[in-house]
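Examination of the molecular architecture
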Amino acid sequence: MNQEPDSLIRQFRSDAAVVTVDTLQALREALGTSRPVLVPTMGYLHGGHLSLLEAAREHERPVVLSIFVNPLQFGAGEDLDSYPRDLAADLEAASVHGVDVVFTPTVETMYPAGPPRVTVHPGPLGDVLCGAYRPGHFQGVLTVVAKLFNLVRPGVAIFGRKDFQQVVLIRRMVEDLNIDVEIAVAPIVREPDGLALSSRNVRLDPAARAEAVGLSRALAEAARLFDEGVRDSHVLIAAVRAVTDTYPGLELQYASVVSAVDLDPVSRPQPGDVVALAAYCGEVRLIDNVALGSGH
Ligand code: AMP
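Residues numbered from 1 in each chain as written. Predicted model: local features only at pLDDT ≥ 70, side-chain atom pairs only at ≥ 80, totals over all residues. Heavy atoms only, no water.

**Looking at the overall build of the chain**
Counting its regular elements, the chain contains 10 helices and nine strands. Against the globule reference of 19 Å for 296 residues, the chain gives a C-alpha radius of gyration of 19 Å, in line with a compact fold. Referenced to the eigenvectors of the C-alpha coordinate spread, the extents of the chain come out at roughly 55 × 40 × 40 Å. Per-residue burial over the chain gives 52% buried out of 296 residues. Partitioning the intrachain contacts of the chain with sequence separation of at least 6 by distance along the chain shows that 73% fall at a separation of at least 24. Once the 25 positive and 37 negative side-chain charges of the chain are each reduced to a mean point, those two points are 3 Å apart. (Helix = DSSP H or I, 4+ residues; strand = E, 2+ residues; numbered from the N terminus. Rg over C-alpha atoms; globule rule 2.2 N^0.38 Å. Buried < 20%, exposed > 50% of the residue type's maximum accessible area, 1.4 Å probe, protein only. Contact = heavy atoms within 4.5 Å. Lys, Arg positive; Asp, Glu negative; His and termini not counted. Charge placed at Lys NZ, Arg CZ, Asp CG, Glu CD.)

In structure tokens:
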């Protein structure tokens, strides 16, 4: 792994104040020639994001947090307008979690000529699981991540396993397009009752919040059966559905057992294969997953 010259890190670390930049020129001036660690987010930071920032600090590199609600990855009728935002709170969190530079571009900064005509196409891996229900979503994700990689030039970029399909696609993009960045992946951070942290959780009313826990319970049940020796995906999925059916507020979109490498459906699961699901809980679409045999 390439490391930053000490002086560059000290230059950032000696200054406790976070540098916040919202233009490409200011970003370039703040970063100089450094190859930072990048944590890309859509803001409204929660403990999951903060765990990525903590992981970022382990690298001997300046830490860059990007906050950008990317319109390109939201479909018509999705929650772009209601997506929660609180930049002041995010900057406060960034300052206490050792972020050196926060990049908060506007839509005009990222897409000055409107939606880009050239985009990164995810190929077939973008059409399965969440991609089957969110056409164009992963194209929007990969396009903005590729732009952020080109703008920030990170040596390392950190993503959460919560967005499992996103991680698989970003790894593929980096490999297939020879992008010079190391991808690091951090575990899912959960509420004490098991609900995966998400910026969207704030939109769950108390009744929906009580139902949302059914997703992680269903995955835990599948993982438990796997640990007991079940190696039949139909049985695992039936168990997932049996649990979610006991939560009438949950509307399961899909539950699948797939390979963690290429997202192919798996009928005889092995350790490392993933059970992934998405569900509507009231108005809010939630995703979650578990790697089988991982001790959860
Ligand atoms: P988002 O702001 O939702 O686009 O997420 C930004 C990054 O944080 C992505 O890499 C997510 O996978 C990650 N992330 C979101 N929620 C969690 C969580 N509960 N645990 C770990 N990482 C998360």
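**Looking at the site of the ligand**
Surveying the vicinity of the ligand reveals 17 residues, the closest of which are His49, Gly160, Asp163, Val189 and Leu197. Within the side chain of His49, one N or O atom sits 2.8 Å away from an oxygen atom of the ligand. Take Leu197: an N or O atom from its main chain is 2.9 Å from a nitrogen atom of the ligand. In the complex, 93% of the free accessible area of the ligand, which totals 490 Å², lies under the protein chains. Looking at the shell around the ligand, the elements that each hand over two or more residues are strand S2 (37-41), helix H3 (47-57) and strand S5 (156-160). A total of three residues in the shell around the ligand trace back to one element, the largest contributor, which is H3. Considered class by class, the residues forming the shell around the ligand number nine nonpolar, six polar and two charged. (Near = heavy atom within 4 Å. Polar contact = N/O pair within 3.5 Å; in protein donor to acceptor, adjacent residues only side chain to side chain. Areas by Shrake-Rupley, 256 points an atom, 1.4 Å probe, with all protein chains shown as cover. Nonpolar A, V, L, I, M, F, W, Y, C, P; charged D, E, K, R; others polar.)

**Describing the nonpolar core**
Grouped together as the largest cluster of nonpolar side chains are 41 residues, with contacts concentrated most on Val145, Phe149, Phe159, Phe164, Ile170 and Ile183. The dominant element in this core, judged by the number of residues it contributes, is helix H7 (residues 137-152), at nine residues. Apart from residues lying up to four places away in sequence, Phe164 is in contact with Leu129, Val258, Ser259, Ala260, Leu263, Val274, Ala276 and Asn289. By size, the runner-up hydrophobic cluster in this structure holds 31 residues, among which are Ala222, Leu225, Val243 and Leu277. (Core = buried A, V, L, I, M, F, W, Y, C linked by side-chain atoms within 4.5 Å.)

Keep in mind these numbers describe shape, not what the thing actually does.
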